[in-house]
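Overview (structure and organization)
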Amino acid sequence: MAEREHRVVIEGTRITTPRLVLRPWVPGDARAALGVYGVADVSRWLAPALERVSDVTAMRELIERWISAGASLDAPQGRWAIERRADGAVVGGTALLPLPPERRDLEIGWQLAPGAWGSGLAAEAGHAVAHYAFASGVDEIFAVVRPRNERGAATARRVGMEWVGETDKYYDLRLQVYRLRPADLDVPSPTGER
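Anyway, here's the lowdown on the structure attached to this text. Along every chain, residues carry numbers that run from 1 in the direction the sequence is written. Whole-chain, interface and lining totals are the exception, using all residues; otherwise, since this is a predicted model, local features are given only for residues with pLDDT of at least 70 and side-chain atom pairs are given and counted only at 80 or more. Side-chain numbers come from the whole structure's heavy atoms, not from hydrogens or water.

With that settled, consider the overall build of the protein. Only DSSP runs of H or I covering at least 4 residues are called helices, and only runs of E covering at least 2 are called strands; the numbering of each starts at the N terminus. In terms of helices and strands, the protein carries five helices and nine strands. Sequence-ordered secondary structure for the protein, helices as α and strands as β, is β-β-β-α-α-α-β-β-β-α-β-α-β-β. The atom set for the radius of gyration is the C-alpha atoms, and the globule formula is 2.2 Å times the number of residues raised to the power 0.38. Over its C-alpha atoms the protein spans a radius of gyration of 15 Å, differing by no more than 12% from the 16 Å that the globule rule assigns to 194 residues. Seen through its principal axes, the protein has C-alpha atoms that stretch 45 × 40 × 30 Å. Burial here depends on accessible area, computed with a 1.4 Å probe over protein chains only, as a share of the maximum for the residue type. Under 20% is buried, over 50% is exposed, and the range in between is partly exposed. Expressed as a percentage of its 194 residues, the buried residues of the protein come to 48%. Contacts spanning at least 24 positions in sequence make up 60% of the contacts within the protein whose residues lie at least 6 apart. The contact criterion used is simple: two residues touch if any of their non-hydrogen atoms lie within 4.5 Å.

What follows is the structure in structure tokens.
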């Protein structure tokens, strides 16, 4: 990620970066969100935690459940719509939520509409949420990725996360685990990646 993308501005639960605004979901985001969560190439990596959404009505209902559930989450936990600053389009979502079953570890996750893939937006969003988590006093965050999800693993590494192993502790699935601590955020790798 380029140096310019390191700037993260946190205002309440709204997070901005040079190219993105991460903001709470609203029901009016349903059509755009369906372009993410209704796409098989995205949802296949999310199940069983989140199944593919079938239509706009179901997406709106899911967003309403996210909003309702968000009211009981402890900061900095939450879900955000990923909005592109250039045109205001909602191109994805990101979340910082407790991992089941014990709900002690915080998981960072990101999903983008396929048309937004390959532009570094997922890593930029993940990086911004990591800043938000660490500014709130969290001492580590995790990403869990299915072994064949090469795009998800690459994004975790671009956020600055390190691979720590595989486990079946979460979601009753065999998953790769990536971790990030505050001291490792924004530290360039030997290859120049962050």
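Next comes the rest of the description.
By convention in these notes, a salt bridge is any Lys or Arg side-chain nitrogen within 4 Å of a carboxyl oxygen on Asp or Glu. If you walk through the whole model with that rule in mind, you get nine salt bridges. Glu102 serves as the salt-bridge partner of Lys169, at 3.8 Å between the closest nitrogen and oxygen. Linking Lys169 in the loop between strand 8 (162-167) and strand 9 (175-180) with Glu102 in the loop between strand 5 (90-98) and strand 6 (106-112), this pair joins segments that are 67 residues apart in sequence. Across the salt bridge formed by Arg174 and Glu166, the nearest N and O atoms sit 3.4 Å from each other. Given a relative accessible area of 46%, Arg174 falls into the partly exposed group. Ionic contacts of the salt-bridge type, sharing partners, join the residues Arg23, Asp29 and Glu83 into one network.

Roughly 1000 Å³ of volume is contained in the largest pocket. Using a 1 Å grid laid over the protein atoms alone, points where a 1.4 Å probe fits but cannot get out form a cavity; open sets with protein on both sides within 12 Å along at least 5 of 7 lines form a pocket; any residue with an atom within 4 Å of a point counts as lining. Surrounding the largest pocket, 43 residues form its lining, Trp45, Leu46, Gly109, Trp110 and Gln111 being those nearest its centre. When residues in the lining of the largest pocket are grouped by element, the largest group, six residues, is from strand 6. Gly is put with the polar residues, along with every residue not named as nonpolar or charged; the nonpolar set is Ala, Val, Leu, Ile, Met, Phe, Trp, Tyr, Cys and Pro, and the charged set is Asp, Glu, Lys and Arg. Here the residues of the lining of the largest pocket are counted per class, giving 27 nonpolar, eight polar and eight charged. Grid points are joined across faces, edges and corners, and a volume is the space filled by probe spheres set on the points. By volume, the second largest pocket is sized at about 350 Å³. Considering the residues around the second largest pocket, the lining is formed by 18 residues, among which Trp66, Gly70, Leu73, Gly78 and Arg79 are closest to the centre. Put simply, the parts of the chain that give the lining of the second largest pocket at least two residues each are helix 3 (56-70) and strand 4 (78-84). The class makeup of the residues in the lining of the second largest pocket is eleven nonpolar, four polar and three charged.

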